[in-house]
Amino acid sequence: MLDVMYFAWVRERIGEPRETVTTEAATVADLVAELKAREPRYEAAFADLSALRVAVDQELSDFDAPLAGVREVAFFPPMTGG
Amino acid sequence: MPTIRVQSDPFSLGDEAEDFAKGRTDTGAVVTFTGIVRDTGGMSRMEIEHYPGMTEKAISGIVDQAMERWSLDDALVIHRHGSLAPGERIMMVATASRHRIAAFEAAEFLMDYLKSRAPFWKKEYGPDGAEWVAAKDEDEDALSRW
């Protein structure tokens, strides 16, 4: 069981801010592939991975990151703070 | 101990700067920076979204780096989220150090990292609808100087 969170336009394309996903995905990239296969809205959100950033358990990470023991994964566009 | 506040409420620049500076006897320099919502062409408001939990952690990590690298006496980061109109203050940074150069440099470092490593996203509402603000390459490039 994994909490998957979406922010900014990723959240808008997927249509919800968070969901709980039951997955055997070994890495973030595997999780993305699983989600994309589900419904077109995921395909739309994850169409260009270079436009996305990922955080694993609230730490900025990358798409190769393993998911073993992870509780929370978040997808979002590059940050625009300040 | 540095102070980090992530809030939707407005803050008083004067009060925050005064509170931050007062009672210091061995700090030679306090630098403050304030970010203000800029109207980029008929913009009525901006919505700032953030990632509660990660936001505080990310800012805390950035502040810890600055504290150590410039041996700061203290630091303050306030960053707002929610709906903001042009002219409102989005955020402020303050640094306290024995010497001015360290205080200025640390404030710039904090600003550069807050821009692209703190999980905030801005959406601008204007006459042609709403649009997410895209991150700029130069903001990412700015990190390389540190």
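That block above? That's the structure.
Just so you know, the residues in each chain are numbered from 1, in the order the chain's sequence is written. All chains are assigned letters beginning at A, and all ligands numbers beginning at 1, according to the order in which they are written. Selection of residues for local features in this predicted model requires a pLDDT of at least 70, selection of side-chain atom pairs for listing and counting requires 80 or more, and totals for whole chains, interfaces and linings are taken over all residues. Where side-chain values are given, they derive from all heavy atoms of the structure, hydrogens and water being excluded.

Draft legend 1. Layout of the interface of chain A and chain B. Across the boundary between the two partners, chain A contributes 21 residues, which contact 25 residues of chain B. Buried area: the sum, over both parts, of the accessible surface (1.4 Å probe) that disappears when the two are put together. For chain A, the biggest contributors to the area lost against chain B are Met 79, Thr 80 and Gly 82 of chain A; these three give 39% of the whole. We define a salt bridge as a side-chain nitrogen of Lys or Arg found within 4 Å of a carboxyl oxygen belonging to Asp or Glu. The salt bridge partner of Arg 11 of chain A is Glu 49 of chain B, with a shortest N-O separation of 2.5 Å. We define a polar contact as two N or O atoms separated by no more than 3.5 Å, with the added condition that, inside protein, one atom must be a possible hydrogen donor and the other a possible acceptor, whereas residues neighbouring each other in sequence contribute only through side-chain atom pairs. Here chain A is connected to chain B by 14 residue pairs in polar contact (both at pLDDT 80 or more). The contact rule is simple, with two residues in contact once any of their heavy atoms fall within 4.5 Å.

Draft legend 2. A look at the pattern of salt bridges. Residue and element names in this part refer to chain B. Under the defined criterion, the tally for this structure stands at 14 salt bridges over all chains. In this structure, Lys 22 and Asp 19 form a salt bridge, with 3.3 Å as the shortest nitrogen-oxygen distance. Exposure categories follow from relative accessible area, calculated using a 1.4 Å probe and restricted to protein chains: below 20% of the type maximum is buried, above 50% is exposed, and the middle band is partly exposed. Look at Asp 19 and you get partly exposed, because its relative accessible area is 46%. With a closest N to O distance of 3.1 Å, Arg 145 and Glu 108 form a salt bridge.

Draft legend 3. Structural context of the sheet that holds strand 5 (residues 82-84) of chain B. All names here are of chain B. At least two DSSP bridges between two strands are required for those strands to pair. Where helices and strands are cited, they refer to DSSP runs of H or I of at least four residues and of E of at least two residues respectively, numbered from the N terminus. Read across the open sheet, the four strands follow the order 5-3-7-8; overall the sheet is antiparallel. Every interior strand has two partners, whereas the edge strands, strand 5 and strand 8 (129-132), have only one. Pairwise comparison of adjacent strand axes, ignoring direction, gives a mean angle of 25 degrees for this sheet. As paired elements, strand 7 (residues 120-126) and strand 8 share four bridges and run antiparallel to each other. Paired with Lys 123 across the two strands is Trp 132, which belongs to strand 8. Every angle, taken between N-to-C directions, lies between 0 and 180 degrees, and every axis is a line fitted to C-alpha atoms, over only the stretch in contact when it is a helix.

Draft legend 4. Representation of helix 3 (residues 100-117) of chain B in the model. Residues and elements named next belong to chain B. Between its first and last C-alpha, helix 3 extends 25 Å over 18 residues, near the 26 Å set by a 1.5 Å rise per residue. Listed in full, the buried residues belonging to helix 3 are Ala 102, Ala 103, Ala 106, Ala 107, Phe 109, Leu 110, Met 111, Asp 112, Tyr 113, Leu 114 and Ser 116. Among the structural elements, strand 2 (29-36), helix 2 (54-69), strand 4 (74-80), strand 6 (89-97) and helix 4 (137-142) are those in contact with the buried residues of helix 3. To estimate the expected span of a helix, subtract one from its residue number and multiply by 1.5 Å.

Draft legend 5. Spatial organisation of the packing of helix 2 of chain B against helix 3 of chain B. Residue and element names in this part refer to chain B. One can describe the packing of helix 2 onto helix 3 by two numbers: an axis separation of 10 Å at closest approach and a directional angle of 160 degrees. When the axes of helix 2 and helix 3 are compared, the pair comes out roughly antiparallel. As for the relative orientation of helix 2 and helix 3, their crossing is right-handed in sense. Of the residues in helix 3, those touching helix 2 at Ala 58, Ile 59, Ile 62, Val 63, Gln 65, Ala 66 and Arg 69 are Phe 109, Leu 110, Tyr 113, Leu 114 and Arg 117. Under the scheme applied here, ten amino acids are nonpolar (Ala, Val, Leu, Ile, Met, Phe, Trp, Tyr, Cys and Pro), four are charged (Asp, Glu, Lys and Arg), and all others, including Gly, are polar. Residue classes in the contact of helix 2 with helix 3 are distributed as nine nonpolar, one polar and two charged. Roughly parallel means an angle under 35 degrees; roughly antiparallel, over 145; roughly perpendicular, 65 to 115; everything else is oblique. Put simply, a crossing is left-handed when the front helix is turned counterclockwise from the back one by less than a right angle, and right-handed when it is turned clockwise.

Just distances and angles here, no functional claims.
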